[in-house]
Amino acid sequence: MKKILLVLTCVVAMAMMIVGCGGSDNGKKADKKITVGFSVSTQNNPFFVSLAKGVEAKAKELGVNVKVVDAQNDPAKQANDIADLLQQNISVLLVNPVDSAAVSTSVKAANKANIPVICLDRSADQGNVACLVASDNVKGGEMAADYIVKKLGEKVKVAELEGIPGASASRERGEGFHKIADSKLTVVAKQTAEFDRSKGLTVAENMLQANPDIKAIFAQNDEMALGAIEAAKSAGKQIFIVGFDGTADGVKAVESGAMSATIAQQPEIMGQQGLEVAVKAAKGEKIDAKISAPLKLIEKK
């Protein structure tokens, strides 16, 4: 009888150990902290600094890890950065593409690894993107052209400073602008300045030299618009300049009268939205395929 009781006691003890171990493993899985890998196109631009700030602030609020890598506007570096992130046991990939075509390979790699992909501000041309969080860039381009027509009239000569070739934001803002400009304005020049202030200065200088009768410039972001302001000053011209993004420097330029207007996004809020969606995706919750961030025209009061 004593032997039977001893055997039963051992069996019960072993069962409890097994249950206990199983419960511990499940606890670890349940308590596993979500890690978001975030590849941002550049941190040398106030807009994307604000975007990253929003991501990091929301991550802190929600108690999740976020690993931020800066692609420095280099598609090849972004591809390498994302490849590294995919090896770091991330729960979800949040990406602000440098180039919408080039990033497609990275998106497909994440898809193959069963890691959800959320795009911020710019989309990917290929691969499965679970959600795009972005402003309506086409609508923003239309708003810029409409504003120029409203203030200067039809058929005035304008130039356009384009963003990074291949970026969806560049294509969409240009598409929206030309929906109006091609019929109501006279576009005499357009050239990329890659969303960069110093390049915006150089390109705008060349445009104004080649086309001295330009009355307005639409820049696809505020950084290029700020460069165009300096170019106009150097040329001794009063040029009607409309930017895009609503960065702190851009808004200050509008308030001072140096810039005519900017189509304002809210990058910090966009970053927060992106991180919230990333957490839902990591948890396997249902998410929308696209979330639109608001736009508004800012002009001097």
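Check the entry above for the structure.
Residues numbered from 1 in each chain as written. Predicted model: local features only at pLDDT ≥ 70, side-chain atom pairs only at ≥ 80, totals over all residues. Heavy atoms only, no water.

## Considering the pattern of salt bridges
(1) Moving on: Evaluated as defined, the whole model comprises 14 salt bridges.
(2) Moving on: With a closest N to O distance of 3.9 Å, Arg122 and Asp121 form a salt bridge.
(3) Moving on: You can call Arg122 buried: its relative accessible area is 1%.
(4) Moving on: One network of salt bridges, with partners in common, ties together Asp121, Arg122, Arg173 and Asp245. (Salt bridge = Lys/Arg side-chain N within 4 Å of Asp/Glu carboxyl O. Buried < 20%, exposed > 50% of the residue type's maximum accessible area, 1.4 Å probe, protein only.)

## What about the sheet that holds strand β9 (residues 240-245)?
(1) Moving on: A sheet is described by the order of its strands in space; here 6 strands give the open sequence β7-β6-β8-β9-β10-β12, paired in mixed fashion. Taken across any chain shown, the strands that pair with only one partner, and hence form the sheet edges, are β7 (186-192) and β12 (296-299). Strand-to-strand twist across the sheet, computed as the mean angle between neighbouring axes with direction ignored, equals 20°.
(2) Moving on: Bridge count between β9 and strand β10 (residues 261-264): 4 bridges; the pairing is parallel. Bridge pairing links Phe244 to Ile263 in β10.
(3) Moving on: On the sheet, helix α5 (residues 137-152) packs against β6 (157-162), β8 (216-219), β9, β10 and β12 and is oriented at approximately 160° with respect to β9.
(4) Moving on: Packed onto the sheet, helix α8 (residues 222-235) meets β6, β8, β9 and β10 and runs at close to 155° relative to β9. (Pairing = 2+ DSSP bridges. Helix = DSSP H or I, 4+ residues; strand = E, 2+ residues; numbered from the N terminus. Axes fitted to C-alpha atoms, helices over the stretch in contact; angles between N-to-C directions. Contact = heavy atoms within 4.5 Å.)

## What about empty space enclosed by the protein?
(1) Moving on: Within this structure, the stated rule accounts for 2 cavities of 30 Å³ or more.
(2) Moving on: Counted as a void, the largest cavity has a volume near 50 Å³.
(3) Moving on: Considering the residues around the largest cavity, the lining is formed by Asn45, Phe47, Phe48, Asp121, Arg122, Ala169, Arg173, Phe195, Asn221, Asp245 and Gln265.
(4) Moving on: Contributing elements (two or more residues each) for the lining of the largest cavity: α2 (46-62) and α6 (168-184).
(5) Moving on: A per-class count over the lining of the largest cavity returns 4 nonpolar, 3 polar and 4 charged. (1 Å grid on protein atoms, 1.4 Å probe; cavity = no way out; pocket = protein on both sides within 12 Å on 5 of 7 lines; lining within 4 Å. Points joined across faces, edges and corners; volume = space filled by probe spheres on them. Nonpolar A, V, L, I, M, F, W, Y, C, P; charged D, E, K, R; others polar.)

## A word on the packing of aromatic side chains
A ring pair, where both rings are aromatic, is described by two values, the distance of the centres and the angle of the planes.
(1) Moving on: Under the counting rule described, the total for this entry stands at 3 aromatic pairs.
(2) Moving on: Taking 4.6 Å as the distance between ring centres and 25° as the angle between the ring planes, the aromatic pair formed by Phe177 and Phe218 counts as stacked. Of this pair, Phe177 sits in helix α6 while Phe218 sits in strand β8, and the two are 41 residues apart along the sequence.
(3) Moving on: For Phe218, a relative accessible area of 0% gives the class buried. (Phe/Tyr/Trp six-rings, centres within 6.5 Å; stacked < 30°, edge-to-face > 60°.)

## Re the environment of Val187
(1) Moving on: The residue Val187 is located in strand β7 in this model.
(2) Moving on: The exposure class assigned to Val187 is partly exposed, which follows from its relative accessible area of 27%.
(3) Moving on: Distance from Val187 to Ile214, taken between C-alpha atoms, is 9.1 Å for residues 27 residues apart in sequence.
(4) Moving on: Once residues within four sequence positions are removed from consideration, Val187 is found in contact with Val158, Phe177, His178, Ala181 and Asp182.

## Some words on the sheet that holds strand β2 (residues 65-70)
(1) Moving on: The 6 strands lie next to each other as β2-β1-β3-β4-β5-β11, forming an open sheet whose pairing is parallel. Bordering the open sheet on either side are β2 and β11 (290-293), each of which pairs with just one other strand. Across this sheet, the average inter-strand angle for adjacent strands is 15°, counted without regard to direction.
(2) Moving on: When strand β1 (residues 35-40) meets strand β3 (residues 92-95), the two strands line up parallel, connected through 4 bridges. Within the sheet, the bridge partner assigned to Val36 lies in β3 and is Val92.

Any functional reading would require information that these geometric values do not contain.
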